[in-house]
Amino acid sequence: MVLALTVCGIVVALVVLGLFVFGLRRRLIQRSGGTFDCSLRWDVPEKPDTSGKGWSYGVARYNGDRIEWYRVFSYAYRPRRVLERAAIEVAGRRLPEGEEELALLSDAVVLTCLHRGTRLELAMSEDALTGFLAWLEAAPPGQRVNVA
C-alpha cells in the first residue's frame, strides 16, 4: 500500500512539474514581447485541404527581420521554424472551412504564404494578421516584399 501511494505521488509530482515547465517555457518565450498565437501548417498542397490535418498550435515571435515559431506542446526552447521577412510571399487569405474550424482557434484567419519555395499556411486572429501584414510591409528599403 505504501509503495502504491509513493508511486502515485511521484507520478502526480512529475505531471505537475511537466505542466510547470510548459508554462515557464511559454513565459520565457513571451517575455521579450512581440508574440502572438499562431497555428502553422507546413508544406501544404496547392489545393486547400480543409480536413484539419497537419495544423500545429504554436506561438510566433517577432525578432528583427524574422518570425520565430514555437510549438506550444514542446519543451524545446529553440524555435521549430524561422521565417525571414524578405523570403515570405503572401499568396492569399481565407476563413477556415470544414473540419479546419475545429482544429484552429475560433477567430482564426488562414493566410497562405510561400517561404523559400515551400507553401505554408498560418492561422491567426484578425488582430494578429493586421500586425503581421504591417510587419511585412514595413520592410527596410530595398527589400522585396510580396503581399497579395
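In the block above lies the structure referred to throughout.
Bear in mind the structure is a predicted one, so any value in this text is a computation, not a measurement. Residue indices begin from 1 for each chain and proceed along its sequence in written order. Where totals are concerned, whole chains, interfaces and linings use all residues; where local detail is concerned, this predicted model gives features only for residues with pLDDT of at least 70, and gives and counts side-chain atom pairs only at 80 or more. Each side-chain value is worked out from all heavy atoms of the structure, with water and hydrogens disregarded.

**Q** Report on the nonpolar core, specifying residues and quantitative values.
**A** Within this scheme, the nonpolar core is defined by two criteria: the residues are buried Ala, Val, Leu, Ile, Met, Phe, Trp, Tyr or Cys, and they are joined through side-chain atoms within 4.5 Å. Burial status follows relative accessibility: with a 1.4 Å probe on protein chains alone, a residue under 20% of its type maximum counts as buried, one over 50% as exposed, and anything between as partly exposed. By size, the foremost hydrophobic cluster in this structure holds 21 residues, and its most contacted members are F36, L122, M124 and F132. Only DSSP runs of H or I with at least four residues qualify as helices, and only runs of E with at least two residues qualify as strands; both kinds are numbered from the N terminus onward. Sorting the residues of this core by element identifies β4 (66-71), β6 (88-94), β7 (108-115), β8 (118-125) and α3 (126-137) as the ones contributing at least two each. Sorting elements by how many residues they give to this core places α3 first, with six residues. Filtering out sequence-adjacent residues up to four positions away, F132 remains in contact with F36, Y62, I67, I88, L111, L122 and M124. Any two residues having at least one pair of non-hydrogen atoms within 4.5 Å are treated as being in contact.

**Q** How would you sum up the sheet that holds β4? Please name residues and give values.
**A** Taken in spatial order, the four strands line up as β1-β3-β4-β5 in an open sheet, and their pairing is antiparallel. Only two strands of the sheet have a single partner each, and these edge strands are β1 (35-37) and β5 (81-84). In this sheet, adjacent strand axes meet at a mean angle of 20° when their direction is disregarded. Where strand β3 (residues 58-63) lies against β4, six bridges are found, and the strand directions are antiparallel. Residue pairing for β4: N63 is matched across the bridge by R66. Relative to β3, helix α1 (residues 2-30) is tilted by about 25°, and along the sheet it contacts β1, β3 and β4. Helix-sheet contacts for α3 involve β1, β3 and β4, and the interaxial angle to β3 is about 30°. Strands are treated as partners if at least two bridges between them are detected by DSSP. As a rule, the C-alpha atoms of each element are fitted with a line to give its axis, helices using only the stretch in contact, and angles between N-to-C directions run from 0 to 180 degrees.

**Q** Any details on the packing of aromatic side chains? Residues and values, ideally.
**A** Note on ring pairs: Phe, Tyr and Trp rings are taken, using the six-membered ring of Trp, and paired if centres are within 6.5 Å. Classes follow the plane angle, with under 30 degrees stacked, over 60 edge-to-face and the rest tilted. Tallied over the full model, the rule gives three aromatic pairs. Here the aromatic rings of F36 and Y62 are separated by 5.3 Å at their centres, their planes lie at 40°, and the arrangement is tilted. Residue F36 is located in strand β1, and its partner Y62 is located in strand β3; the two are separated by 26 residues in the primary sequence. Under the relative-accessibility criterion, Y62 is labelled partly exposed at 23%. Ring geometry for F132 versus W135: centroids 6.1 Å apart, planes at 35°, classification tilted. Here F132 and its partner W135 are both found in helix α3, three residues apart, which amounts to about one turn of the helix. Of the two residues, F132 and W135, both sit in the buried class. Aromatic ring contacts, followed pair by pair, group F36, Y62, F132 and W135 into a single cluster. The criterion is that NZ of a Lys, or CZ of an Arg, lies within 6 Å of the ring centre and within 35 degrees of the ring normal, and then a charge sits over that ring. Here R81 stacks its cationic end above the ring of W42, 4.1 Å away from the centre of that ring.

**Q** Can you explain the side chain of S56? Please cite residues and give values.
**A** On the secondary structure map, S56 appears in the loop between β2 (39-42) and β3. Given a relative accessible area of 16%, S56 falls into the buried group. Setting aside its immediate chain neighbours within four residues, S56 contacts C38, S39, L40, W69 and R71.

**Q** Describe the sheet that holds β2, and please don't skip the residues or the numbers.
**A** Strand order in the open sheet formed by four strands is β2-β8-β7-β6, with antiparallel pairing between adjacent strands. The two strands at the open ends of the sheet, each matched to only one other strand, are β2 and β6. Shown here is a sheet whose adjacent strand axes are inclined to one another by a mean of 25°, direction ignored. In this structure, β6 lies alongside β7, joined through six bridges in antiparallel fashion. Bridging across to β7, R93 finds its partner in L111. Strands in contact with α3 are β6, β7 and β8; relative to β8, the strand with the most contacts, it is inclined by about 130°.

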